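The lines below spell out each chain.
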Amino acid sequence: MKRTILAGETARAVYEQVLRADAERRGVRFDAGETAAFARQFENIEAELYRYVYGPEAQWRTIFPVVSAANWAEFSTHRMIDRVGEADEVDDLATDFPHVEIVGEEATQPIRSYGASFSYSIDDVRKALYAGMDITSEKALVAREAIERKVDRVMAFGDARMNIPSFVNNSSVPAVFNAFTPVTASTKTSGTQWNAAANAGDVTKILQDIEAMVIAIRSATLNGFGPAAKVDLIVGTSGWNFLMETAMKTTNFVRETYGSYILANMPSIEAIKYWPQLDTVGAGGKERIMMKLTDRRVAGGLLPVDFEMTPPEARGFGWRVNARSKSGGVVVRYPKGVAWMDGTMV
């Protein structure tokens, strides 16, 4: 016999009908309200409050260090010092020693507020207390999550209206075209599609792509951050699922994924990090992968105000609360310490 499992309001309605029919057979009659109240006595209500999940949480904090600034600031400026001149051989009595000098420049990014609000009435509070729920905390959490998602997008794409620069499309960050792998029409012009059926997850091609990005950063920075400087590989959803969940091989019942193999065999890679903002950034709306030196000086997320709320403003028999964060996007001080590549995911 096929069994049908009912859930939610449908299950409750059917259960109330069964109780009412059983009571009427015994000569007892209930109205609809009484039947519902009676049914609730046999219902278990879990103490934990579950929330709908609409997607991954904001990930920018796992990728960038937070750059602080005064909470009243409208702009943030960082200063870069460069040096010119070289030493050379000189005579004891020479008076024309080679001259060295420093030159400086400034880069400024605007800071803007991103906010949301929530409201609740006195009856909302009373109902929530009866149900054992803190409605103000729940609504504040929703506001914070909404603002954090917005800040995550600003960190990735900037805000063109406010002149906040993009990170994933930063024109100063060099693209890497893999010179080791033959380019075909199916692999675009920037690397091999790792998860394409024709490649069958060829780990050699995957390592070549990643090595090309590492070499590009080391060459561009002249190893100025040290020959052993570490990098993070940043991928979107398809890249993360492929690298971290797809088995490359299984030996003696030990399952090794592409990601674990990369981390174990490429000492330059500090971590593989997930950022779904990269899902459709690449050419043709495909995923882009990025790489960044882990040195905190390379880039950081500008966040003068993490999260703040106004006191509740009375409106009739209710209250309204405004909340905000202040962000200036990602500050890229050393763009040559970052690289990106398209065409790795189908």
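Just so it is clear, the model here is predicted, and its values are computed rather than measured.

Engineer: Looking at this structure, how should I read the sheet that holds strand E1 (residues 66-67)?
Structural biologist: Remark on secondary structure: sheet strands pair via backbone hydrogen bonds, oriented parallel or antiparallel. Here we have three strands laid out as an open sheet, ordered E1-E10-E14, and mixed in their pairing. The sheet is open, and its two borders are formed by E1 and strand E14 (329-332), each paired with just one other strand. As judged from the four bridges shared by strand E10 (residues 299-302) and E14, these two strands associate in the antiparallel manner. In the sheet register, leucine 302 faces E14, and the bridge partner there is glycine 329.

Engineer: Help me out: how do you make sense of the sheet that holds strand E8 (residues 269-274) in this one?
Structural biologist: Spatially, the four strands line up as an open sheet ordered E8-E5-E9-E15, and their pairing is mixed. What marks the edges here is a single partner per strand, and that holds for E8 and strand E15 (338-342). Here the strands of the sheet are splayed against their neighbours by 20 degrees on average, with no regard to which way each runs. Its contacts with the sheet put helix H6 (residues 203-221) on strand E5 (231-235), E8, strand E9 (288-293) and E15, and the angle it makes with E9 is roughly 40 degrees.

Engineer: Help me understand the confidence of the model for the protein in this model?
Structural biologist: The predicted coordinates should not be examined in detail at positions where pLDDT is low. Taken over all residues, the pLDDT of the protein has a mean of 82, while the share at 70 or more is 77%. Every residue in residues 178-191 scores below 50 in pLDDT, and together they form 33 contacts with partners more than four places removed in sequence or on other chains.

Engineer: Would you mind going over H6 with me for this structure?
Structural biologist: Side chains three or four residues apart in an α-helix point the same way, a direct result of the helix having 3.6 residues per turn. Compared with the 27 Å implied by 1.5 Å per residue over 19 residues, the 27 Å span of H6 between its first and last C-alpha is a close match. Among all positions of H6, only Ile206, Leu207, Asp209, Ile210, Ala212, Met213, Val214, Ile217, Arg218 and Thr221 are buried. Against the buried residues of H6 lie E5, helix H7 (237-245), helix H8 (258-265), E8, E9 and E15. Of the residues trailing H6, leucine 222 is marked for its positive phi of about 55 degrees.

Engineer: Explanation requested: unusual backbone geometry in the structure shown.
Structural biologist: Leaving glycine out, the prevailing phi sign among residues is negative, and the prevailing peptide bond configuration is trans. Unlike most non-glycine residues, leucine 222 shows phi in positive territory, near 55 degrees. As for its position among the elements, leucine 222 is in the loop between H6 and E5. For leucine 222, a relative accessible area of 72% puts it in the exposed group.

Engineer: Looking at this model, I keep getting lost on the pairing of E15. Mind explaining?
Structural biologist: Among the five residues that make up E15, five are buried, leaving the element largely enclosed by the rest of the structure. Residues Val338, Trp340 and Asp342 of E15 are buried on one face, and the alternating residues Ala339 and Met341, pointing to the opposite face, are buried as well. Note that E9 and E15 share five bridges and pair antiparallel. Looking at E15, one finds that methionine 291 is bridged to alanine 339.

Engineer: Before we go on, may I ask you to explain the nonpolar core in this structure?
Structural biologist: The nonpolar side chains of a soluble globular protein tend to be buried with one another. Counting 54 residues, the largest nonpolar core has Phe167, Ile210, Leu243, Ile269, Trp275 and Met291 as its most contacted members. Considering every element that reaches this core, the biggest residue donor is H6, with seven residues. Not counting residues within four places of it along the chain, the set of residues in contact with isoleucine 210 comprises Trp194, Leu233, Ile262, Met266, Ile269 and Met291.

Engineer: Any chance you could explain the pattern of salt bridges here in plain terms?
Structural biologist: Proximity of charged atoms lets side chains of opposite charge pair with each other. In this structure the tally under the stated criterion is eleven salt bridges. When the shortest N-O distance is used, the salt bridge between arginine 61 and aspartate 306 registers 2.8 Å. Remark: aspartate 306 occurs in strand E11 (residues 305-309) and arginine 61 occurs in helix H3 (residues 60-63); sequence separation between them is 245 residues. Using a relative accessible area of 32% as the deciding quantity, one classes aspartate 306 as partly exposed. Between arginine 161 and aspartate 159 there is a salt bridge whose closest N-O contact spans 3.6 Å. Among the charged side chains, a network of salt bridges with common partners joins Arg61, Arg144, Glu148 and Asp306.

Rules and cut-offs
Residues numbered from 1 in each chain as written. Predicted model: local features only at pLDDT ≥ 70, side-chain atom pairs only at ≥ 80, totals over all residues. Heavy atoms only, no water. Pairing = 2+ DSSP bridges. Helix = DSSP H or I, 4+ residues; strand = E, 2+ residues; numbered from the N terminus. Axes fitted to C-alpha atoms, helices over the stretch in contact; angles between N-to-C directions. Contact = heavy atoms within 4.5 Å. pLDDT = per-residue confidence, 0-100. Expected span 1.5 Å × (residues − 1). Buried < 20%, exposed > 50% of the residue type's maximum accessible area, 1.4 Å probe, protein only. Core = buried A, V, L, I, M, F, W, Y, C linked by side-chain atoms within 4.5 Å. Salt bridge = Lys/Arg side-chain N within 4 Å of Asp/Glu carboxyl O.

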